[in-house]
Every structure is written in C-alpha cells, then in structure tokens.
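Each chain, written out:
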Amino acid sequence: MDLNISKTNPVLTDPTTPVNKSRLGSSFPSGRFMMNSRKKIPKLDDVRSNGWLDAMISSSPPRKRLVKDFNVEIAPEDDFAQRAWMLKYPSAISSFAHIAAQAKNKKIAVFLDYDGTLSPIVDDPDRAIMSDAMRAAVKDVAKYFPTAIISGRSRDKVYQLVGLTELYYAGSHGMDIMTPVNLNGSLEDPNCIKSTDQQDEEVNLFQPAKEFIPVIEEVYNSLVEITKCIKGAKVENHKFCASVHYRNVDEKDWPIVAQRVHDHLKQYPRLRLTHGRKVLEVRPVIGWNKGKAVEFLLESLGLSNNDEFLPIFIGDDKTDEDAFKVLREGNRGFGILVSSVPKESNAFYSLRDPSEVKKFLKTLVKWKKMENSTSSF
Ligand SMILES: O=P(O)(O)OC[C@H]1O[C@H](O[C@H]2O[C@H](CO)[C@@H](O)[C@H](O)[C@H]2O)[C@H](O)[C@@H](O)[C@@H]1O
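Residues numbered from 1 in each chain as written. Predicted model: local features only at pLDDT ≥ 70, side-chain atom pairs only at ≥ 80, totals over all residues. Heavy atoms only, no water.

A. Broad picture of the overall build of the protein. Regarding its fold elements, the protein presents ten helices and 17 strands. Every one of the 377 residues in the protein was classed for burial, and the buried ones make up 51%. For the protein, restricting intrachain contacts to residue pairs at least 6 apart in sequence, the fraction spanning at least 24 positions comes to 63%. When the accessible area of the protein is evaluated, it comes to approximately 18300 Å², of which 51% is carbon and sulfur surface. (Helix = DSSP H or I, 4+ residues; strand = E, 2+ residues; numbered from the N terminus. Buried < 20%, exposed > 50% of the residue type's maximum accessible area, 1.4 Å probe, protein only. Contact = heavy atoms within 4.5 Å. Areas by Shrake-Rupley, 256 points an atom, 1.4 Å probe, with all protein chains shown as cover.)

B. Geometry of the sheet that holds strand 14 (residues 279-284). Spatially, four strands are ordered 11-12-14-13 in an open sheet, and the strand pairing comes out antiparallel. Of all the strands in the sheet, just strand 11 (234-237) and strand 13 (271-276) have a single pairing partner and so form its edges. If you compare each strand with its neighbour and ignore which way they point, the axes differ by 20° on average. Across the face of the sheet, helix 6 (residues 213-227) comes into contact with strand 11, strand 12 (242-245), strand 13 and strand 14 while running at roughly 170° to strand 11. (Pairing = 2+ DSSP bridges. Axes fitted to C-alpha atoms, helices over the stretch in contact; angles between N-to-C directions.)

C. Main features of the sheet that holds strand 17 (residues 349-351). One open sheet accounts for nine strands, arranged 9-10-8-7-6-5-15-16-17; its pairing is mixed. Both outer strands of the open sheet, strand 9 (192-196) and strand 17, are each paired with one neighbouring strand and no more. When the angles between neighbouring strand axes are averaged without regard to direction, this sheet yields 25°. Packing of helix 10 (residues 354-375) onto the sheet brings it into contact with strand 5 (107-112), strand 15 (309-315), strand 16 (334-338) and strand 17, and relative to strand 5 it is tilted by some 160°.

D. Fine view of the pattern of salt bridges. Summed over the entire model, instances satisfying the criterion amount to 17 salt bridges. Between D126 and K234 there is a salt bridge, with its nearest N and O atoms 3.1 Å apart. Residue D126 is located in the loop between strand 5 and helix 4 (132-144), and its partner K234 is located in strand 11; the two are separated by 108 residues in the primary sequence. What makes K234 partly exposed here is its relative accessible area of 27%. One salt bridge in this structure joins E225 and K228, with 2.5 Å as the shortest N-O distance. The class of E225 is partly exposed, set by a relative accessible area of 46%. Taking the relative accessible area as the measure of exposure, K228 reaches 59% and is therefore exposed. Each of D113, K290 and D320 takes part in a single network of salt bridges with overlapping partners. (Salt bridge = Lys/Arg side-chain N within 4 Å of Asp/Glu carboxyl O.)

E. Spatial organisation of the pairing of strand 13. Burial analysis of strand 13 places six of its six residues in the buried class, which makes it a mostly covered element. Across six bridges, strand 13 lies against strand 14 in antiparallel orientation. Note that in strand 14 the partner of G276 across the bridge is V279.

This is the structure in structure tokens:
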C-alpha cells in the first residue's frame, strides 16, 4: 500500500524538522521505511561533535540544593538568575488574580502533560505514579472545565496511570487522540477512525501517524537489542513513537547510548529524534506535535473561539513547548511551565513542581466555584 504524501495533508510535512527534509513530499511504500541504498544514507557523524551530547547533558538540570524546611530546591550557583527568571515567568499561583482577570467572561479549557507535571520525575518510568490527592484535584478540575491530558506516553498507558474517565486523552505526543463520537465532523478526516473506549462507548480516534505503527515496533525491537548491554538503558514503545531512557545509565556511557541510537536511526529517514528529560524520543517525521494536538482538541471540542475560551496548557518538557508556542502565537491562552530551575520557554507563567501544579488546579476550582456562586445572585 502506498502512503501518499499530499500537500493538502497537514500532518505529513514537518517544516520544523531539519532532518531528512529533502525526502519530504515524496511517496514511499509502507513497510519500506528503512533505506537500504548505502549512497542515500547521510555521512556518519559523531554525537560528540554534533551537539547531541550537549543536549543530553542539558536535559538534566544542574545539581540542586534542597532547602530542607521548605522542601524546595534552589540551584546553588545562581539564586539571582532564579529571581530574574521568576520575573519573566511569574508563578501562576501568585499571579492567579491576573489569570482570573484574563479568564473573565471566558471558559477555561485545561490541558495537562503527565510526567513531571502530574507525577514527579522518578528513576523508573513504570513507577511514575500520580498521587491520590493529585487525581482528586484533576477530577475536580474536569467537573468545571473541559480537561485533556496530552502525554508522550502511549494513550493506553497514560489512561492507566491517570484512571479518570472524565478527561480527554492524547498519547504519543498528540499522535493518538480520543474524542467522543458526537463531535463536529472529525470522522471526515482520513486519519480518524471509530473505536470504543475502556467503557465500551463509541469514540473517535485521530491517529495521524498510523502508517508508522509497524516501523515503530521494528525500531523499538532493534533499540532494545542495541542497548541491552548498556546498564540502565530502557526502551519504551508508545505505539506511534518510542523512548530510549538514559536516566539510569552511568554518565560515562551516555555517548554510547547517543551514538548507537543516532547511528541506528540513520537507516530510518522518516523518523527523527528529539530530546526529553534524560530520554531520547524517536518520532515519525510528520507535522504533528502537542501544539497541533491542542489545536485539534480545541477545534473538535468546539472550544476554538478565542473570544469565548481560554486554553491553559501545563507542562514541564521540551515537547510541551510546541503547545505553549501555539497558545502564545495564536494569542489564545497561555502555557505554564513546570520547572524549579530557569529555562527559556514559550510559557507565560511557571510552577515549581507537581505539588504546585496541584495547588494551582485547586485554586482554579475554588475560583470557579466562587464565580458560579456570585453569578447566581
Ligand atoms: O509528555 P510526558 O507525559 O511528560 O511524557 C514524556 C516522557 O515521560 C516519561 O519519561 C520521563 O519521566 C520518567 C518518570 O518520571 C523518568 O524516569 C524519565 O527520565 C523522564 O524522561 C516517559 O517514560 C517517556 O516515555 C515519555 O516520553
């Protein structure tokens, strides 16, 4: 079966991706994502010289000092930089009055990342458990605002971790979005299929990278193979993308992880690599990301009118920047970056960690309840 890459299909091009750009716009048979012709494989380069290792190192925030009494972490070398950063990205909790003013006469829609936002970052990705208190806070938010989780994990996995039926879920960095069937015309899109959810209800699935499922499976298996002798390395299959974790790999072996993954991926010109928090993410080269997923959800949930709705996206990672950017550039809402150390971002506000995310979500609900009670007089 040919995978036709047409100019009219917005998801089959990715102008932001420098890798293999020359091959975009061509058709290729599915199952032949691997390039065999040697002359087409780009010249091998070394991860040390192309900035890869720098990116891996910078994905680990600098060592932090724990201010015990307050249970907060401060980068020791740069408290001044921290304060300057907080002026640029003020706390969403301290700035709540400003946020409430922006939301006046509008309906807020809440978009949440999972790892590092709803659950703290831990060494073992299988143990990134959300607390019951956080679950209760998210459940409450969903009572008052349309709420969606957009995660890098597979949709099934993130649903299993969150376990709330009242939310919308998007997995694989937004490449797998589940919405109710009764929403405006999304089935007209060739990437949409009908399915059923965990409660056996009919749903729509929007899967713009579905042709990549076999190649992701293949790459996942080979990545497991080529990293199995590197102590601490872990590979996850998210169906439309895959992750190679190096959090538990000795730092001296990071170049080995980077070089092996990098070299292996050269055989797959339709796949690209991005960096997350001590993780390399293998993703299809398509013009789709968490920002596009936010736009898709706003459109399909009927929330796209800027005068009526104010979307808020809370996330901690580089992939969340795509969503922050869409909101900032569209002047339609804002991002909140979860970080305890200074980072440049397209978000407008910041929260230090998941416990502050929980506090912010509770504040949002409290404010909404107050608003409802005053407007009923
Ligand atoms: O978009 P997200 O929901 O934030 O998912 C991004 C990645 O999150 C997970 O990895 C990160 O969290 C792990 C658990 O705390 C941590 O061990 C790892 O170092 C982090 O990178 C998840 O395992 C990845 O597959 C996601 O892509």
